[in-house]
Amino acid sequence: MNPNTNRIVRTAAVVAAVLMAIPAGVSAAEAASSSVVEASAPAKARKVATRRAARPRKVCTGRGRARRCVIVRPGAPAPIVPAPAAAPAPVPAAASAAIAPGGGDGGAFGFLFPNGANPGRWNPCVAVHYSVNASKAPAGGEADLQEAIRRLGGATGINFVYDGPTAAVPNNGDSSAATVIAWAAPGESNMLTGSAAGIGGASGIQTGGYIRLTKGFVVIDSTRAVAPGFGGGVTQGALLMHELGHMVGLNHSADQAQIMYPTVTERTPSDWGAGDRNGLTQVGATKGCLG
């Protein structure tokens, strides 16, 4: 493939933070609101109301073979055009894309990379490999993660392959190309800011009219006490499913009946809602292979 046709989507590492119900230092009214945490450079967190995203714009520099372009979305840091050989590095932006209403089967969903009829997604014909840093996982955390990934694979048709443990913790600006899921304290990851109980996202490259995700990340705040399992409400299972949803390209939903609602509350379901499943289908195997 001609390398000149590939454009690294630097801001494709759009991340989304989920707020726990009534987290420490946050009022009940704040916890119940549909707000998200926006991390930008420098890493200074601020709450922003969920809003419709403005139309993305493309910024290019250089000429001929040296020409490089990035897609810039609202709330993203100033674009940084990487060197041709550089791997896409996570650069968080506001997770507030437009919410797409569900059809007759209910629910609502949105995409981190709303690229017309071709939202950003993984190539479902190639296994997604990931590693886990569970050194600070709570009791039952690893088992909950395995179940959450099983459910994600079932809803998307994507094959997720565990590559073993790692000591890595995802951070903004790291150069690793590996997909990592980790539990960490806020001081260990600059992605954990404000009252976010977890954060997840992805980065990728744009080829033609498609955005193919190539790296994902999830970080769960290990200092938060969350009930294990998938019993509905504020659980470790719901938190993991939410962030994994971001890792495969989903944005927040405006519907409290969905796992992808911005806040994990007592109303959070025990499994994917209809809107969640609609969105996961759109970024899954039924949409075919990507080159």
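To start, this report covers the structure provided alongside it.

What counts and how
Residues numbered from 1 in each chain as written. Predicted model: local features only at pLDDT ≥ 70, side-chain atom pairs only at ≥ 80, totals over all residues. Heavy atoms only, no water. Buried < 20%, exposed > 50% of the residue type's maximum accessible area, 1.4 Å probe, protein only. Helix = DSSP H or I, 4+ residues; strand = E, 2+ residues; numbered from the N terminus. Contact = heavy atoms within 4.5 Å. Expected span 1.5 Å × (residues − 1). Salt bridge = Lys/Arg side-chain N within 4 Å of Asp/Glu carboxyl O. Disulfide = S-S within 2.5 Å. Axes fitted to C-alpha atoms, helices over the stretch in contact; angles between N-to-C directions. Parallel < 35°, antiparallel > 145°, perpendicular 65-115°, else oblique. Left-handed = near helix turned anticlockwise from the far one by under 90°. Nonpolar A, V, L, I, M, F, W, Y, C, P; charged D, E, K, R; others polar. Core = buried A, V, L, I, M, F, W, Y, C linked by side-chain atoms within 4.5 Å.

1. Digging into helix α4 (residues 274-282)
Move 1: Here α4 has its buried residues at Gly275, Asp276, Asn278, Gly279 and Leu280.
Move 2: In this structure, the buried side of α4 is in contact with β8 (108-110) and α2 (141-156).

2. Describing α2
Move 1: A rise of 1.5 Å per residue sets the reference length of α2, with its 16 residues, at 22 Å; its end C-alpha atoms lie 22 Å apart and thus fit the reference within 8%.
Move 2: Taken as a whole, α2 has its buried residues at Gly141, Asp144, Leu145, Ala148, Ile149, Arg151, Leu152, Gly153, Ala155 and Thr156.
Move 3: Elements that come into contact with the buried residues of α2 comprise β9 (128-133), β10 (160-165), β11 (180-184), α3 (236-247) and α4.
Move 4: Directly after α2, the chain includes glycine 157, whose backbone phi takes a positive value near 80°.

3. A few points about the pattern of salt bridges
Move 1: Per the counting criterion, the structure on display carries 7 salt bridges.
Move 2: Residue glutamate 188 is joined to lysine 136 by a salt bridge in which the shortest nitrogen-to-oxygen separation is 3.0 Å. Here glutamate 188 is found in the loop between β11 and β12 (196-207), whereas its partner lysine 136 is found in the loop between β9 and α2, with 52 residues between them in sequence.
Move 3: Between arginine 151 and glutamate 147 there is a salt bridge, with its nearest N and O atoms 2.9 Å apart. In this pair, arginine 151 and glutamate 147 both sit in helix α2, 4 residues apart, roughly one turn of the helix.
Move 4: What emerges from the salt-bridge pattern is a single network uniting Glu147, Arg150, Arg151, Asp271 and Arg277.

4. Description of the state of the cysteines
Move 1: Taken as a whole and assessed by the stated rule, the structure comprises 1 disulfide.
Move 2: Note that cysteine 125 is cross-linked by a disulfide to cysteine 289, the S-S spacing being 1.7 Å. Around the S-S axis, the bridge from cysteine 125 to cysteine 289 shows a dihedral of about -80° and counts as left-handed. On the criterion of sequence distance, the pair formed by cysteine 125 in the loop between β8 and β9 and cysteine 289 in the segment after α4 is long-range, its members being 164 residues apart.
Move 3: Looking at cysteine 125, the relative accessible area reads 46%, which means it is partly exposed.

5. Quick word on the packing of α2 against α3
Move 1: Packing of α2 against α3 brings their axes to within 9 Å, and their N-to-C directions diverge by 45°. By the criterion of interaxial angle, the relationship of α2 to α3 is oblique. As for the relative orientation of α2 and α3, their crossing is right-handed in sense. Residue-level contacts link Gly141, Asp144, Leu145, Ala148, Ile149, Arg151 and Leu152 of α2 to Gln236, Gly237, Leu240, Met241 and Leu244 of α3.
Move 2: Here the residues of the contact of α2 with α3 sort into 7 nonpolar, 3 polar and 2 charged.

6. Some details on the packing of α2 against α4
Move 1: Contact geometry for α2 and α4: axes closest at 8 Å, N-to-C directions at 65°. Of the possible angle classes, the one that applies to α2 and α4 is roughly perpendicular. Seen from α2, the contacting residues are Leu152, Ala155 and Thr156; seen from α4, they are Arg277, Leu280 and Thr281.
Move 2: Of the residues belonging to the contact of α2 with α4, the class tally is 3 nonpolar, 2 polar and 1 charged.

7. What about the nonpolar core?
Move 1: Leu145, Phe160, Ile181, Leu244 and Trp272 are the most contacted members of the largest nonpolar core, which has 37 residues in total.
Move 2: Mapped onto this core, the elements with two or more residues apiece are β9, α2, β11, β12, β13 (210-221) and α3.
Move 3: Among the elements that line this core, the one with the most residues is α3, at 6 residues.
Move 4: Sequence-distant contacts of tryptophan 272, that is, excluding residues within four places in its chain, are made with Arg151, Leu152, Ala155, Met241, Gly245, Ile259, Met260, Arg277 and Leu280.
Move 5: Met191, Leu192, Ile199 and Val219 belong to the second-largest nonpolar core, a separate cluster that totals 6 residues.

Any link to function would need more than the numbers given here.
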